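# Descriptive structure summary
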Amino acid sequence: MKELLVYAFESSICLLCLWLFYAVFLSGDTHHARNRFYLLMSAVISVLIPMMSFSLRSGSPFLPPEGLARLFLPEARITASGTQAGLLADFPDLIFLLYIGGAAITAILFLFASVRLLWLITAKQNSERIILIDSERHICYSAFGYIFISRGIPPEDAERMITHERNHISRMHHFDLLLAGVINIIQWFNPASYLLRQSLQTIHEYQADSECISHGEEIASYQKLLVSAVLSTRLAILLNPFSNTSLLKNRFIMMTKKKSGSISSLKILLAVPVVSFLLFTFSCNESGKELAPPEPVDPSIGFFDSLLNDNVFNVPAEMPVFGTEVAKSNENLFKWIFENIKYPDAAKESGTTGKVIVGFIVDENGNVIKPYIIKSADALLDQAALEMMAKFPKWQPGMYEGKPVKVKMALPITFSLN
């Protein structure tokens, strides 16, 4: 659960950074093929980077070893008058349910749009891949390699519109929108995922317009045709519409814009530092002065600890459980913490507050070993947290391939006087 949330969050940050680079440096020139390639690669890179993991010989990782995972861990709140869990213990579950709900709704809308188009294709397909629609509005769009057009459009205009849509089909623009749809499902909460789709649709129109004009369309007449169709069209999830209000002004500008020089195509190289930064931020998990021995475990789920001389898992098949019931692991954990930790008197008197994040390993026997401070708040609060860790009873160990294994974990503890 936690791992899925972290993955979606890290992936969305990657896509947002890459799209912002496109908006600032690339979107204004006429290298449409390059821009399309960049946006598609941005989608792929944003999906892959959070899955990757590697180590460096020296230096420090951009994120602590737990990465962004600690943002979604249950948090214990210790107050001057006692302890409380509030909603914090259930907060990760609430976030997970919200994420799954949003993804499910987005997926249903995507599938509904797909099924509707496929039904029209199945019911009315022909050898020319042109589907005639009984609509009073002048509609023309392409999807799944087919052209959909209203019967009422005058033949001369219809021929020009169909030529435009054939340019979309020949460049396989619909596959771009399918990829963007999948990204929307994974990152439904991320504005950049919708901006990615809109940017791809914009580039598709630029490319189709450029092709029509280069094959003899007179610009003024072509723009007049776009205006006549714009009021009947909306920007949809899986469609490349002939004309739509949101893109019309930019399409007119791009038709008459001077072609960008070949040197400007090299601006894409400026994205290399951005990709490198994201790679080191989200994929570089362990660093040290010497390389670790070959890791016998998949680095995406764990690492080799040279001091323990054993594998330590981040994401085993089954996480450790505190207590005897899996469903009440968090509840039991907080109950035990509140009974075994105390707000230091000296910290109370000095008004010291803050969040301490403690890292530890639950070994294959369920023992808590190697506790350490990931994020320090104050020496007194750090000491109180470590003293509490020394009292921990055994857990049910994590499991991988049916065997108990060592699992790395982290626990945020907030000390508050309010």
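Before reading further, recall that the structure is shown in the block above.
This write-up is about the structure you can find in this document. Counting restarts for each chain, with residues numbered from 1 along the sequence as it is written. Two thresholds apply to this predicted model, a pLDDT of at least 70 for residue-level local features and 80 or more for giving and counting side-chain atom pairs, whereas whole-chain, interface and lining totals are computed over all residues. Hydrogens and water molecules were not included; the side-chain quantities draw on all heavy atoms of the structure.

## Some words on the overall build of the protein chain
How we decide: Secondary structure follows DSSP: runs of H or I at least 4 residues long count as helices, runs of E at least 2 residues long count as strands, and numbering of each begins at the N terminus. Buried residues are those whose accessible area, probed at 1.4 Å on protein chains only, stays under 20% of the maximum for their type, while exposed residues exceed 50% and partly exposed ones sit between those limits. Note on definitions: a residue-residue contact is assigned when non-hydrogen atoms from the two residues lie within 4.5 Å. Shrake-Rupley sampling with a 1.4 Å probe provides the accessible areas, and residues are treated as covered by the protein chains on show and by no other component.
A count of helices and strands for the protein chain gives twelve helices and 14 strands. Residues counted as buried form 45% of the 418 residues belonging to the protein chain. Considering only contacts in the protein chain between residues 6 or more positions apart, those separated by 24 or more positions represent 73%. With the model as given, the accessible surface of the protein chain reaches about 21,000 Å², and the carbon-plus-sulfur share is 62%.

## Observations regarding the packing of aromatic side chains
For clarity, the threshold we go by: Aromatic rings from Phe, Tyr and Trp, with only the six-membered ring used for Trp, were paired whenever their centres fell within 6.5 Å, and each pair was classed as stacked if the ring planes differed by under 30 degrees, edge-to-face if by over 60, and tilted otherwise. For a ring to carry a charge above it, either NZ of a lysine or CZ of an arginine must fall within 6 Å of the ring centroid while also lying within 35 degrees of the normal to the ring plane.
Evaluation of the coordinates by the stated rule reveals 16 aromatic pairs. When the centroid spacing of 6.1 Å and the interplanar angle of 65° are considered together, the rings of tyrosine 99 and phenylalanine 189 count as edge-to-face. Highlighted residues: tyrosine 99 in helix α3 (residues 91–124) and phenylalanine 189 in the loop between α5 (173–186) and α6 (191–214), separated in sequence by 90 residues. Taking 4.7 Å as the distance between ring centres and 40° as the angle between the ring planes, the aromatic pair formed by phenylalanine 313 and tyrosine 400 counts as tilted. Of this pair, phenylalanine 313 sits in strand β10 (residues 310–313) while tyrosine 400 sits in strand β13 (residues 398–400); the two residues are 87 residues apart in sequence, bridging distant segments of the chain. We note arginine 129 situated over the ring of tyrosine 146; from NZ or CZ to the ring centre the distance is 4.6 Å.

## Section: the sheet that holds strand β5 (residues 140–143)
Basically, it comes down to this: Whether two strands pair depends on DSSP finding at least two bridges between them. The axes used here are C-alpha line fits, helices contributing only the stretch in contact, and every angle between their N-to-C directions lies in the interval 0 to 180 degrees.
Pairing in this open sheet of four strands is mixed, and the strands run β4-β6-β5-β7 from one edge to the other. A strand with exactly one partner marks an edge of an open sheet, and here the two such strands are β4 (130–133) and β7 (240–241). Contacting β4, β5, β6 (146–150) and β7, helix α4 (residues 155–170) crosses the sheet at an angle of about 155° to β6.

## Quick notes on the environment of leucine 120
Along the polypeptide, leucine 120 turns up in helix α3. Note on leucine 120: relative accessible area 13%, which makes it buried. Filtering out sequence-adjacent residues up to four positions away, leucine 120 remains in contact with Gln125, Ile131, Tyr141 and Phe148.

## Some words on the pairing of strand β14 (residues 403–416)
Within β14, twelve of the 14 residues are buried, leaving the element largely enclosed by the surrounding structure. Of the pairings in the sheet, the one linking β10 to β14 comprises two bridges and is parallel in character. Looking at the pairing, valine 312 lines up with lysine 406 of β14. Relative to β14, strand β11 (residues 354–362) runs antiparallel, the two sharing nine bridges. Paired with lysine 355 across the strands is threonine 414, a residue of β14.

## Side note on the pattern of salt bridges
So the rule is basically this: Salt bridges are counted wherever a side-chain nitrogen of Lys or Arg sits within 4 Å of a carboxyl oxygen of Asp or Glu.
If you walk through the whole model with that rule in mind, you get twelve salt bridges. Aspartate 29 is paired through a salt bridge with lysine 267; the nearest N and O atoms lie 3.3 Å apart. Here lysine 267 lies in the loop between α8 (245–256) and α9 (271–283) and aspartate 29 lies in the loop between α1 (2–26) and α2 (32–48), a separation of 238 residues in the sequence. Under the relative-accessibility criterion, aspartate 29 is labelled buried at 5%. Across the salt bridge formed by aspartate 345 and lysine 342, the nearest N and O atoms sit 3.9 Å from each other. The exposure class of aspartate 345 is partly exposed, given its relative accessible area of 43%. Ionic contacts of the salt-bridge type, sharing partners, join the residues Asp29, Arg34 and Lys267 into one network.

## Looking at a nonpolar patch on the surface
Test applied: Here the term patch refers to residues with relative accessible area over 30% and no salt bridge, with like charges joined within 9 Å and nonpolar side chains (Val, Leu, Ile, Met, Phe, Trp, Tyr) within 5 Å.
Taken together, the side chains of Phe37, Met41, Val44, Leu48, Met51 and Met52 make up a nonpolar region of the molecular surface, amounting to roughly 530 Å² of accessible area. Mapped onto the elements, valine 44 comes out in helix α2.

## Things to note about the nonpolar core
Heads up, the condition is: We define the nonpolar core as a collection of buried residues of types Ala, Val, Leu, Ile, Met, Phe, Trp, Tyr and Cys that are connected through side-chain atoms lying within 4.5 Å of one another.
Counting 29 residues, the largest nonpolar core has Ile337, Phe360, Met388, Phe392, Trp395, Ile413 and Phe415 as the members making the most contacts within it. Taken together, the elements giving at least two residues each to this core come down to α10 (329–340), β11, α12 (379–390) and β14. In terms of residue count, the dominant contributor to this core is β14 (six residues). Once you skip the residues sitting within four places of it in the chain, phenylalanine 360 turns out to touch Val368, Ile369, Lys370, Pro371, Tyr372, Met389, Trp395, Val407, Lys408, Met409, Ala410 and Leu411.

## Observations regarding the packing of α4 against α6
As a reminder of what qualifies: We call two directions roughly parallel when the angle between them is under 35 degrees, roughly antiparallel when it is over 145, roughly perpendicular when it lies between 65 and 115, and oblique otherwise. For any helix crossing, the convention is left-handed if the near helix is rotated counterclockwise from the far helix by under a right angle, and right-handed if that rotation is clockwise.
Between α4 and α6, the least distance of the axes is 9 Å, while the angle of their chain directions is 125°. One way to sum up the angle between α4 and α6 is to call them oblique. Viewed along their axes, α4 and α6 form a crossing whose handedness is right-handed. The residues of α6 that touch α4, namely those facing Thr163, His164, Asn167 and His168, are His204, Glu205, Ala208, Asp209, Glu211 and Cys212.

## Examining the packing of α2 against α5
Short version of the rule: Each residue gets one label: Ala, Val, Leu, Ile, Met, Phe, Trp, Tyr, Cys and Pro are nonpolar, Asp, Glu, Lys and Arg are charged, and the others, such as Gly, are polar.
Across the interface, α2 lies against α5 with an axial gap of 11 Å and an inter-helix angle of 30°. Judged on the interaxial angle alone, α5 and α2 are roughly parallel. Judged by the sense of rotation from one axis to the other, the crossing of α2 with α5 is left-handed. Only His173, Asp176, Leu179 and Ile183 of α5 make contact with α2, whose side of the interface consists of Arg36, Leu40, Ala43 and Val47. Among the residues making up the contact of α2 with α5, the classes are represented as five nonpolar, one polar and two charged.

## Considering the side chain of histidine 174
Secondary-structure assignment places histidine 174 in helix α5. According to the relative accessible area criterion, histidine 174 is buried, its value standing at 10%. Aside from chain neighbours lying at most four places away, what touches histidine 174 is Ala143, Phe144, Leu238 and Asn240.

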